[in-house]
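# Topology and contacts: notes
Each chain is listed here by its residues.
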Amino acid sequence: MNATPPAPDPTDLLRRAAGGDQGAFRALHAATQPKLFGVALRILARRDAASDAVQEAYVKIWRRAADFDPAKGSAVAWMATITRNVALDAVRKTQPISLEDMPDGFEPAAEAVDPLAGRERSERLSALMKCLEELEPRKREMVLLAYWHGASRDALAAKYSAPAATIKTWLRRSLLGLRECMET
Amino acid sequence: MTLLPEDDLDAAEAALGALPADEAAAAAARAAREPAFAAAVARWEGLLAPLNEATAPVTPDRDTWPAIAARIDPPAAGGRPAGAQGQGAQFIDLSRRLSRWRGAAVGLGALAASMAVGVVVREKTRPVGDAGEYVAVLQTGGAASPAFVVSVDLTTRRLLIRPVAAKAPEGKAYELWIIDPRLGPPKSLGVVGASGVTSSDLKPYGEAAVADATYAITVEKPGGSGGTPSGPPVFAAKLIPFDK
């Protein structure tokens, strides 16, 4: 089973990149580009825009590599967060996301499964998913649409036919609930 | 320093990413000003980040590496430069701080366009009128190797520049310029010494121009250009307040 050499550890590569090791950074890029592209593509929908965002994200990752703290989560999760923020900035500059194209009854939790994630799902993700399941289905869906697809409060208001202020309240309550659940 | 519950919820929503553009920009500006708010956003981001594990990888149409490689520092040859000795703590501190600043190639017209790898570092929210020390780190891009540290005292209009990781090519010298539309063409602030601190007088220039200007370095013949830059800048930056 273990005949293939172990994949380089992103945390180690990121640490070396923080010390100025460009070769390690290139290896980190090769190992993580599809993941980060997936993160950006979900938000931006267009492949060219997602490529631009990924490029921007890696430049930021290189610059901020020294800020990464392994105690606070995985290297890939940290890199994905940076990518997400770049993609969100880009999408806000172009146009608000419309959720009209999404099919009714869309269930983000079921839709979004990385084939690897089933086997390699981290404890943190398992715990978070468990806590998400404690939310009302509609509220869970809103949180995931916002996180995975960059849906804004206004887009969610249109989709769920609720005032934006109500969406805001729901999102905040959901996030508080998630944190409380994660802390217990 | 603790945040009010309401502020913590603002941070939560910012981390989730559901804010409309104007509120997102306000939250980013606030995070840049208030470390406690930035920390709260980071905590919420950390809480949600595992969700990215569930996102399926997708192979991009084009490899993004070449474009990225063009924008990051070349590997440092031989480790930390000798010039950084004795300033190690500050060097690292500046590097780390740089990593939080937004690097952007800003529109300085033809000047910026001619900068092959030049990146101007600036902070998004610079409180104007906050007299006192300003500092700029002149670099080629990337946090790993700041090349010059420039500090400006707006009260005395005195500029100090110190090379941190920069050595001029053989038979050449670095010359410092102040560039601002109000001043017309770039104005020379003199040749930068190879080591130690070089001081320059900014009294001929208005305070607003001094605070807003871009400070740039060109490579010139020993003794300097004689008044007009002979090529594009190799380093450039704007001032930011020195907050510690």
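In this numbering scheme, every chain counts its residues from 1 along its sequence in written order. Whichever chain is written first is A, and whichever ligand is written first is 1; the rest continue in order. Local features in a predicted model are, by the rule used here, given only for residues with pLDDT of at least 70; side-chain atom pairs are given and counted only at 80 or more, and totals for whole chains, interfaces and linings are based on all residues. Excluded from the side-chain calculations are hydrogens and water; all other atoms, namely the structure's heavy atoms, are used.

### Things to note about the state of the cysteines
A covalent bond bridging the sulfur atoms of two cysteines is what the word disulfide describes. Residue and element names in this part refer to chain A. Any cysteine sulfur atom paired with another within 2.5 Å is treated as part of a disulfide. By the definition in use, this model includes 1 disulfide over all chains. Each disulfide pairs two cysteine sulfurs, and for C131 the partner residue is C181, the sulfurs being separated by 1.9 Å. Disulfide C131 to C181: torsion about the S-S bond roughly -80 degrees, handedness left-handed. Here the residue C131 occupies a position in helix α7 (residues 123–133), and C181 occupies one in helix α10 (residues 164–183), the gap between them amounting to 50 residues. Relative accessible area serves as the criterion here: at 7%, C131 is assigned to the buried category. Starting at the N terminus, helices and strands are each numbered in turn, a helix being any DSSP run of H or I of at least four residues and a strand any DSSP run of E of at least two. Relative accessible area decides the class of each residue, using a 1.4 Å probe on protein chains only: under 20% of the type maximum gives buried, over 50% gives exposed, and in between gives partly exposed.

### Examining the interface of chain B and chain A
Throughout, a residue-residue contact means that at least one pair of heavy atoms, one from each residue, lies within 4.5 Å. Contact with chain B, which involves 53 residues of that partner, is made by 66 residues of chain A. Two parts placed together each lose some accessible area under a 1.4 Å probe, and the buried area is that loss summed for both. Regarding the contact of chain B and chain A, the summed buried area is about 5600 Å², with carbon and sulfur atoms giving 56% of it. Ranking the residues of chain B by area buried against chain A places L16, L51 and W65 of chain B at the top, with a combined share of 12%. When a carboxyl oxygen of Asp or Glu is within 4 Å of a side-chain nitrogen of Lys or Arg, the pair counts as a salt bridge. Remark: the boundary between chain B and chain A carries 9 salt bridges. As a salt-bridge pair, R47 of chain A and D61 of chain B come within 2.7 Å of each other at their nearest N and O atoms. Going through the elements one at a time, α1 (5–16), α2 (21–33), α3 (35–48), α4 (65–69), α5 (88–100) and β1 (102–104) of chain B are the ones with two or more residues in the side of chain B that touches chain A. For the side of chain B that touches chain A, the element with the most residues is α1 of chain B, which contributes 8 residues. Split by residue class, the side of chain B that touches chain A holds 29 nonpolar, 9 polar and 15 charged. Each residue gets one of three labels, nonpolar for Ala, Val, Leu, Ile, Met, Phe, Trp, Tyr, Cys and Pro, charged for Asp, Glu, Lys and Arg, and polar for the others, Gly among them.

### Some remarks on the pattern of salt bridges
Evaluation of the coordinates by the stated rule reveals 19 salt bridges over all chains. Note that R153 of chain A and E23 of chain B form a salt bridge whose closest N and O atoms lie 2.9 Å from each other. On the criterion of chain membership, the pair formed by R153 of chain A in helix α9 (residues 153–160) and E23 of chain B in helix α2 is interchain, its members lying in two chains. Beyond isolated ion pairs, a larger network of salt bridges with shared partners links R153 and R172 of chain A together with E6, D10, E13 and E23 of chain B.

### Description of the packing of aromatic side chains
Pairing of aromatic rings covers Phe, Tyr and Trp, the last through its six-membered ring, and needs centres within 6.5 Å; plane angles under 30 degrees mean stacked, over 60 mean edge-to-face, and all others mean tilted. Across all of its chains, the model carries 4 aromatic pairs over all chains by this definition. Judged by centre distance (6.1 Å) and plane angle (75 degrees), the ring pair of F25 of chain A and Y58 of chain A falls under edge-to-face. Of this pair, F25 of chain A sits in helix α2 (residues 22–44) while Y58 of chain A sits in helix α3 (residues 47–64), placing them 33 residues apart in sequence. Looking at F25 of chain A, the relative accessible area reads 0%, which means it is buried. Take Y58 of chain A: its relative accessible area is 0%, and that puts it in the buried class. An aromatic cluster is defined as three or more aromatic residues linked by ring pairs; in this entry it consists of F25, Y58 and W62 of chain A together with W65 of chain B. Definition used: whenever NZ (Lys) or CZ (Arg) falls within 6 Å of the ring centre and also within 35 degrees of the ring normal, the charge is taken to sit over that ring. Taking NZ or CZ as reference, R84 of chain A lies 3.7 Å from the ring centre of Y147 of chain A, over its face. The ring of Y160 of chain A is capped by K159 of chain A, whose NZ or CZ atom sits 5.8 Å from the centre of that ring.

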